[in-house]
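Here is what each chain is made of, one letter per residue.
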Amino acid sequence: MSRPVRPPLPLAILTLALWQAQGAFAQDAAWIDAPLQLRRTPQLVETIPTTERGLRPSFVDGDRISGRPDLETVVEGNASLRRGDTVIHADRLEYYQPDDLAKAQGNVRVNQGGNVYEGPELQLKVETFEGFFNNVRYQFLETGGNGNADRIDFVDANVSVARHATYTTCRREDYPGWMPAWLLTAATLTTDTEESVGIATDARLSFMGISSPALPSISFPLNNQRKSGLLPPVFGVDSVNGIELQMPYYWNIAPNRDATLTPTFMTKRGINLGSEFRYLENSYSGTLRADYMPSDQLRKRDRWGLWTTHNQTFDPKPFGLDGLTGTLRINRVSDNDYWRDFSRTPTLSSRLLDSEAALNWSKGDWYGQVRALSYQTLQYSLSPITPPYDRMPQLTANNIQYDWHGFDVSTSLDYTRFKADSLFAPMLNGQRQPDGERAFGILQVSRPWITPGTFVIPKVQLHATSYQFDGSLANGSNSASRTVPTFSIDSGMVFERDTSLFGRSFRQTLEPRLFYVRTPYRDQSQLPVYDTAANDFNFATIYTENAFSGNDRISDSNMLTAGVSTRLIDPDTGAEAARFGVAQRFRFSDQRVTLPGVSPVTDRLSDILVGAQINWTSKWTADTTVQYNPDSRRSERSTVTARYNPGPYRTINAAYRYQADSTTLANDGSKSIDIGWQWPLNDLWGDKGKNLGPGRGEGGGRWYAVGRMNYSLKDSKLTDGVIGVEYDGCCWIGRVVLERLSTGQVTAATRIMFQIEFVGFAAVGASPLKTLSQNIQRYQPLRQPGETPSRFTNYD
């Protein structure tokens, strides 16, 4: 039998309300014959607001119920009391209404918002959740953290203090002698679910039976939210830096701001002080990273690096614009050797460090940019590079109008001042190129004729350029100008048919395409090259008008490109399962406009491009491109990539790349193989990962192989490589990663990294997890935090 109880309301009044409801039922019994009507119920909420807690009714249930109205209720045998998000089960339950006090004895179990406490004796004020619990075993909902305590004092609904407590996120096993892989013991353990933080005093952390020294105080998170504190240390051995030890500290400044301080001790170099600050506001966001090493023992000088990114949105109305945004990027380091000595910084990605400040604007059909761009070039004597020109400043304006009386019209204007270090400026006609200013404009007008099965798009372009130089060219001129027209026509057809392959139905297309371009010759041999390079030869550029990128060269062209492609499309989903294509360019006259030092192209027929992309299933993907020379009957360049991704934590990526040597007909060009993987080693002995953990992905006790290797077949050596192993122990993760990075033609840096992560107790530091994520395509970190489980999953 059961009886509803609402402590703030006398029992007699509640009984009277029930009698009144019964009377209303008797007076309106005719509703029984009416059709059933569904009514909207209040939405279940994860967190009950404090203002509503006192309004929630209470329900008691048990084998025997006795008591005095408005004073106490005694429930014996399978007793329970429910109110809001709090449930109390016990063998015996006494509830005193005036004090809102519940006393429970025997097999007591309390569920408060999904957090569960079990023990022999409890005293609790239900609404304020004040009281104590003796000899308690507990488990938290969000992290799965659990443990035991001699006593827990509940200060309120959010704060509790456990005496002589233990804590772990290892899944509890019910067999004699069980011990978790890692365990935190503390004299007191204070938990605050509102702040999502736990604080342990006189604490020891043990792992596999090995205990740490006693710590006066330690804090840890109670959910997956960010929290200030020390991150796990990262230990590594580096061939250049010696033994490395990182001790990162995370500072959760605010919900929209945080900082990470990472001091790194290197036995051969000293201490590097790293820091990163992130911020996010309504109108701006960005990151700031700064590293500083005083008195580097290897280089005998101070070393530093600065990397910033800032994005800003301005109010455009005062300027009469529709949109106005700004960006700021700073990338600077102390010296040329920084990229080789500190290869785990953003400098690794490039020896050209660009710094930029830009304003982007829009007004109606117009948009543009004002920016300043400067480079720091890190020179290396064994592999020198020519730095690009700084743009100080660059102003652009663009306008696009579609279907203007049937025409598409676009205009692009660009003014740039180019500046470079005179010692590294490229050579032109036997002398260094001078700095200068360039004004460039292009007007494009096209008239598309498009039907469902055909398209014809003729286009006319007019390029106009004017230069002013700080010095003289080889011909003695301080200025130059150029005007070049271009005509092109792009056309094609699309045929479709229904077909089937390997038991699957498809809609197959056949898409022939012709592209003709005519640009007359203009002598541009005296013009400098500030921002121009030859386009790569691929399917994206073979159907373009200009053979160069940038605006210093407009290629003379009299060419026809012919190609055909076919696609296999799933008729139900529209997904593209496969694509095959072939294209070749026919040249009617020799090329005359070239870059300095580059011979003109005189072949009437270009190399043949053959490509295929296959996405047959979500597990398999393959992509290949072959550039074939019909004269030499050999491949000039080949690329084959494939990916197998059958499920979580299972991915294999492979790529083969070949580039022929243009100076010889021998087939001894550059060849390389690039392989990356993440795979459970348990699969090798029949365990396919069916032991799934509760809402945490794959179960514990699993080994994973991870890595990436880039191997040069021509040189028969490993250029770059990352190889490692990860162990998922359910509540802890171990990682060992060996990394080798080339820092020159004959030099490389090697290091081995070790790390242990206690799941749900501390977040992972910057590496080796960062190294794996950057190098292995589709790498998935183990035990990624998922959605917070609902309190209703164990509401009983």
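Residues numbered from 1 in each chain as written. Predicted model: local features only at pLDDT ≥ 70, side-chain atom pairs only at ≥ 80, totals over all residues. Heavy atoms only, no water.

Quick word on the overall build of the protein
When its secondary structure is counted, the protein shows four helices and 48 strands. Looking at the 796 residues of the protein, the share that counts as buried comes to 42%. Within the protein, counting contacts between residues at least 6 apart in sequence, those at least 24 apart form 50% of the total. When the accessible surface of the protein is summed, it comes to about 41400 Å², and 57% of that surface belongs to carbon and sulfur atoms. (Helix = DSSP H or I, 4+ residues; strand = E, 2+ residues; numbered from the N terminus. Buried < 20%, exposed > 50% of the residue type's maximum accessible area, 1.4 Å probe, protein only. Contact = heavy atoms within 4.5 Å. Areas by Shrake-Rupley, 256 points an atom, 1.4 Å probe, with all protein chains shown as cover.)

Looking at the nonpolar core
Across soluble globular proteins, nonpolar side chains show a tendency to be buried alongside one another. Within the largest apolar cluster, 44 residues are counted, with the highest numbers of intra-cluster contacts made by Tyr117, Leu122, Tyr167, Trp182 and Leu184. For Leu184, the residues in contact, after removing those within four places along its chain, are Ala165, Thr166, Tyr167, Ala200, Ala203, Arg204, Leu205, Ile218, Phe220 and Phe761. (Core = buried A, V, L, I, M, F, W, Y, C linked by side-chain atoms within 4.5 Å.)

Some words on the state of the cysteines
Counted by the stated rule, this structure contains one disulfide. Each sulfur of the disulfide joining Cys170 and Cys731 lies 1.9 Å from the other. Residues Cys170 and Cys731 are joined through a disulfide that is right-handed, its torsion about the S-S bond being 55°. Of the two residues, Cys170 is situated in the loop between strand S10 (159–167) and strand S11 (182–192) and Cys731 in the loop between strand S46 (717–728) and strand S47 (732–742); the sequence distance between them amounts to 561 residues. When sorted by exposure, Cys170 lands in the same class as Cys731, which is buried. (Disulfide = S-S within 2.5 Å.)

Structural notes on the side chain of Asn653
Tracing the chain through its elements places Asn653 in strand S43 (residues 650–659). With a relative accessible area of 9%, Asn653 lands in the buried category. A polar atom in the side chain of Asn653 sits 3.1 Å from the backbone oxygen of Gln777. Excluding residues within four positions of it along the chain, Asn653 makes contact with Ala642, Arg643, Asp674, Ile675, Gly676 and Gln777. (Polar contact = N/O pair within 3.5 Å; in protein donor to acceptor, adjacent residues only side chain to side chain.)

Remarks on the environment of Gly721
Assignment of secondary structure puts Gly721 in strand S46. For the pair Gly721 and Gly707, spaced 14 residues apart in sequence, the C-alpha to C-alpha distance is 7.4 Å. For Gly721, the contacting residues outside a window of four places in its chain are Arg708, Met709, Leu738, Glu739 and Arg740.

Regarding the pairing of strand S33 (residues 479–493)
Pairing geometry for strand S32 (residues 454–469) and S33, over 15 bridges, is antiparallel. From the neighbouring strand, Ala464 faces S33, where its bridge partner is Thr483. (Pairing = 2+ DSSP bridges.)

Regarding a negative patch on the surface
Taken together, the side chains of Glu130, Asp156, Glu194 and Glu195 present a region of like negative charge at the surface. Along the polypeptide, Glu194 turns up in the loop between S11 and strand S12 (197–207). (Patch = residues over 30% accessible without salt bridge, like charges linked within 9 Å, V, L, I, M, F, W, Y side chains within 5 Å. Salt bridge = Lys/Arg side-chain N within 4 Å of Asp/Glu carboxyl O. Lys, Arg positive; Asp, Glu negative; His and termini not counted. Charge placed at Lys NZ, Arg CZ, Asp CG, Glu CD.)

Points about unusual backbone geometry
Residue Pro393 is reached from Met392 by a cis peptide bond, and omega for that bond is 0°. Examined against the element boundaries, Pro393 turns out to sit in strand S26 (residues 390–404). One non-glycine residue, Ser295, lies in the positive phi region at around 55°. A positive phi angle is found at His405, which is not glycine, with a value near 55°. Following the sequence through the fold, His405 ends up in the loop between S26 and strand S27 (407–419).

What to know about the pairing of S47
In the sheet, S46 pairs with S47 via eight bridges, with the strands oriented antiparallel. Paired with Glu726 across the strands is Arg735, a residue of S47.

Some points on the confidence of the model for the protein
Any residue range with low pLDDT should be treated as having predicted coordinates unsuitable for detailed reading. Summing up the model confidence of the protein, the mean pLDDT is 85 and the portion of residues at 70 or higher is 89%. Confidence, read as mean pLDDT per element, is least for helix H1 (residues 11–27) in the protein (32) and greatest for strand S30 (residues 436–446) (97). This stretch, residues 1–33, has a pLDDT under 50; its non-local contacts, to residues over four places away or in other chains, come to 44 contacts. pLDDT under 50 marks residues 690–699. Its contacts with residues more than four places away, or in other chains, come to 25 contacts. (pLDDT = per-residue confidence, 0-100.)

A short note on the packing of aromatic side chains
One pass over the full model with this rule turns up 28 aromatic pairs. Relative to Tyr167, the ring of Phe140 lies with its centre 6.3 Å away and its plane at 40°, an arrangement referred to as tilted. Here Phe140 is found in the loop between strand S8 (130–139) and strand S9 (146–154), whereas its partner Tyr167 is found in strand S10, with 27 residues between them in sequence. Overall, Phe140 belongs to the buried group, its relative accessible area being 7%. Tyr167 gets classed as buried once you look at its relative accessible area, which sits at 1%. Look at Tyr279 and Tyr284: their rings are 6.0 Å apart centre to centre, the planes differ by 55°, and that puts the pair in the tilted class. A residue is classified by how much of its surface remains accessible, and Tyr284, at 30% relative accessible area, is partly exposed. What links up through ring pairs into an aromatic cluster is the set Tyr138, Phe140, Tyr167, Trp182, Phe207, Phe220, Trp703, Tyr727, Trp732 and Phe758. Sitting above the plane of the Phe342 ring, Arg269 keeps its charged end 5.0 Å from the centroid. (Phe/Tyr/Trp six-rings, centres within 6.5 Å; stacked < 30°, edge-to-face > 60°. Lys NZ or Arg CZ within 6 Å of the ring centre and 35° of its normal.)

Observations concerning the pattern of salt bridges
Enumeration over the complete set of coordinates arrives at 46 salt bridges. Salt-bridge contacts for Arg278 lead to Asp258; the nearest nitrogen and oxygen are separated by 2.5 Å. Residue Arg278 is located in strand S20 (residues 270–280), and its partner Asp258 is located in strand S19 (residues 257–266); the two are separated by 20 residues in the primary sequence. For Arg278, a relative accessible area of 39% puts it in the partly exposed group. On the accessibility criterion, Asp258 (2% relative accessible area) is buried.

Section: the side chain of Asp490
Among the secondary structure elements, Asp490 is positioned in strand S33. Not counting the four nearest positions on each side in its chain, Asp490 is found in contact with Phe455, Val456, Ile457, Arg513, Leu514 and Phe515.

Some thoughts on the environment of Thr168
Within the secondary structure, Thr168 is located in the loop between S10 and S11. A relative accessible area of 1% means that Thr168 is categorised as buried. With 591 residues separating them in the primary sequence, Thr168 and Val759 have C-alpha atoms 9.1 Å apart. Within the structure, Thr168 has its side chain in polar contact with the backbone oxygen of Trp182 (distance 2.7 Å).

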